[in-house]
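Observations on the three-dimensional arrangement
Here's the letter readout for the chains.
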Amino acid sequence: MAHAHLIPIFDGHNDALTRDDHAGIATGRPGGAIDLPKMAAGGMRGGMFAVYVPSHDFSSDMVPRDDGVIEQRMPPEIPHQQAATYVLAAAGRLFGLERAGQITVARTIADIDAAKAGTPEGADPEGAGSASAPVAVLHFEGAEAIDDELEALETWYAAGLRSLGPVWSRPNRFGHGVPFISPSSPDTGPGITEAGHRLVRRCSELGILVDLAHMNEAGFWDVARAELGPVVVSHAAAHTLSQASRNLTDRQLDAVKDSNGLVGVVFATQFLRRDFAHTTDTDLHELVRHIEYIGLQIGLEHVALGSDFDGAKVPDAVRDASCLPVLTAALKAGGFFSDSELELLCWDNWRRVMAAWWR
Ligand SMILES: [Zn+2]
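What this report covers is the structure whose coordinates are included nearby. (Residues numbered from 1 in each chain as written. Predicted model: local features only at pLDDT ≥ 70, side-chain atom pairs only at ≥ 80, totals over all residues. Heavy atoms only, no water.)

What to know about the overall build of the protein chain
- Counting its secondary structure elements, the protein chain contains 10 helices and 14 strands.
- Computed over its C-alpha atoms, the radius of gyration of the protein chain comes to 19 Å, within 12% of the 21 Å expected for a compact globule of 359 residues.
- Each principal axis of the C-alpha distribution contributes one length, and for the protein chain these read about 50 × 45 × 40 Å.
- Taking the intrachain contacts of the protein chain between residues at least 6 apart in sequence as the baseline, contacts between residues at least 24 apart amount to 75%.
- Summed over its atoms, the accessible surface of the protein chain is roughly 13,500 Å², and 52% of this surface lies on carbon and sulfur atoms.
- Separation of charge centres in the protein chain, based on 29 positive and 48 negative side chains, amounts to 2 Å. (Helix = DSSP H or I, 4+ residues; strand = E, 2+ residues; numbered from the N terminus. Rg over C-alpha atoms; globule rule 2.2 N^0.38 Å. Contact = heavy atoms within 4.5 Å. Areas by Shrake-Rupley, 256 points an atom, 1.4 Å probe, with all protein chains shown as cover. Lys, Arg positive; Asp, Glu negative; His and termini not counted. Charge placed at Lys NZ, Arg CZ, Asp CG, Glu CD.)

And the structure:
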């Protein structure tokens, strides 16, 4: 299907860089969700590209307990040295794409704006240069690669790091990720550590967005109360609709609104469905209802997209980046979003929070 009018989309989370077939990002990856041809076909002009250090014994298949609660045992901490080595190579994949002229690594808001303005229908398709390349924000999903003295943070900022989640769903010396439990409150343990407080403060001084996806509730409030910048949760959904520990309660959503932040709604079906099933055989409406709920609850300025492409099973209708127009069409058909409101969801809300953190 050809889309005459593609809405430019900035998506808040993908794991393309850390998949085994990452070499195909430029040319196309059969079975993958994010690559340059699929992004072009879907109007995806930008996104947060995550570097996640894998927990090797972790499986996303969650096991029901006798009482029906679905739980994934918390993976152990990743040693700093192991993470530092892994991240050095994985981020290099993104800089390689930048060097080849295939992607712009965002360092300023002007880079974000150029990518939106370069959306294919308005741009010369043969045009060279950064304006026609999509933009990628380098994001660390978990700060294990950062040392206690935060010296590596300086290096990574200089290289182009512009977004960091202090934790993935495991503990580290900065804080405590939320384990995957369904149903469960997100209030699963202690808040961020003293080193975690120093980390987020230094991020705000440098101009690195702090992302609270995978943070437990106590850590969420620690960072929200520090008022360093808008509260941003790059990929999560509404706890009221699906009581997974990874999702946000209405009180947390209010804090996102009060700080002028946003929630990137995740497409991962185990956080969307009432039964927590992790299966592509999931109706698109399961995703649409979370987007509409968060928009209704805290306003359309505070809801955005955070697919988790290449990191999770997502509804088949939006199986990869080329299918994003199916989602925007469904949102429009639902009558909830006007064209200008779709622009907020698809791009401008992300732009606002990045501008606030990057200064
Ligand atoms: Zn994640």
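On we go from here.
Details of the sheet that holds strand S12 (residues 232-236)
- The parallel open sheet is built from three strands, whose spatial order is S12-S13-S14. Since the sheet does not close on itself, it has two edges, and those belong to S12 and strand S14 (303-305), each with one partner. Shown here is a sheet whose adjacent strand axes are inclined to one another by a mean of 25°, direction ignored.
- One ladder, built from three bridges, connects strand S13 (residues 262-265) with S14; its direction is parallel. Along S14, the bridge assignment pairs Gly264 with Ala304. (Pairing = 2+ DSSP bridges. Axes fitted to C-alpha atoms, helices over the stretch in contact; angles between N-to-C directions.)

Topic: the coordination of the zinc ion
- Only Glu141 (OE), His214 (NE2) and His235 (NE2) from the protein coordinate the zinc ion, and they sit 2.1 to 2.2 Å from it.
- Of note, the donors binding the zinc ion are all from one chain and are spaced E-x72-H-x20-H. Of this pair, Glu141 sits in strand S6 (residues 135-141) while His214 sits in the loop between strand S11 (209-210) and helix H6 (217-226), and the two are 73 residues apart along the sequence. Across this residue pair, the class does not change: Glu141 and His214 are buried. (Donors = N, O, S within 2.8 Å, 3.2 Å for Na, K, Ca; no water. Buried < 20%, exposed > 50% of the residue type's maximum accessible area, 1.4 Å probe, protein only.)

Overview of the sheet that holds strand S3 (residues 63-64)
- Pairing is antiparallel in the open sheet, where three strands are placed in the order S3-S4-S10. Looking at the sheet topology across the chains shown, the edges are occupied by S3 and strand S10 (181-182).
- Inspection of the sheet shows S3 paired to strand S4 (residues 70-71) by two bridges, in the antiparallel sense. Each bridged residue has a counterpart across the sheet, and for Val63 the counterpart in S4 is Glu71.

What about empty space enclosed by the protein?
- Applying the stated criterion across every chain, the model contains two cavities of 30 Å³ or more.
- The computed volume of the largest cavity comes to approximately 70 Å³.
- Taken together, 14 residues line the largest cavity, and the ones lying closest to its centre are Leu212, Met215, Arg246, Asn247 and Leu248.
- Partitioned by chemical class, the residues of the lining of the largest cavity number eight nonpolar, five polar and one charged.
- Looking at the second largest cavity, its volume works out to about 40 Å³.
- Around the second largest cavity, the lining residues are Val210, Leu212, Val223, Ala224, Leu228, Gly229, Pro230, Val231, Val232 and Trp357.
- Of the residues in the lining of the second largest cavity, the class split is nine nonpolar, one polar and no charged. (1 Å grid on protein atoms, 1.4 Å probe; cavity = no way out; pocket = protein on both sides within 12 Å on 5 of 7 lines; lining within 4 Å. Points joined across faces, edges and corners; volume = space filled by probe spheres on them. Nonpolar A, V, L, I, M, F, W, Y, C, P; charged D, E, K, R; others polar.)

All quantities given are derived from atomic positions and should not be read as evidence of function.
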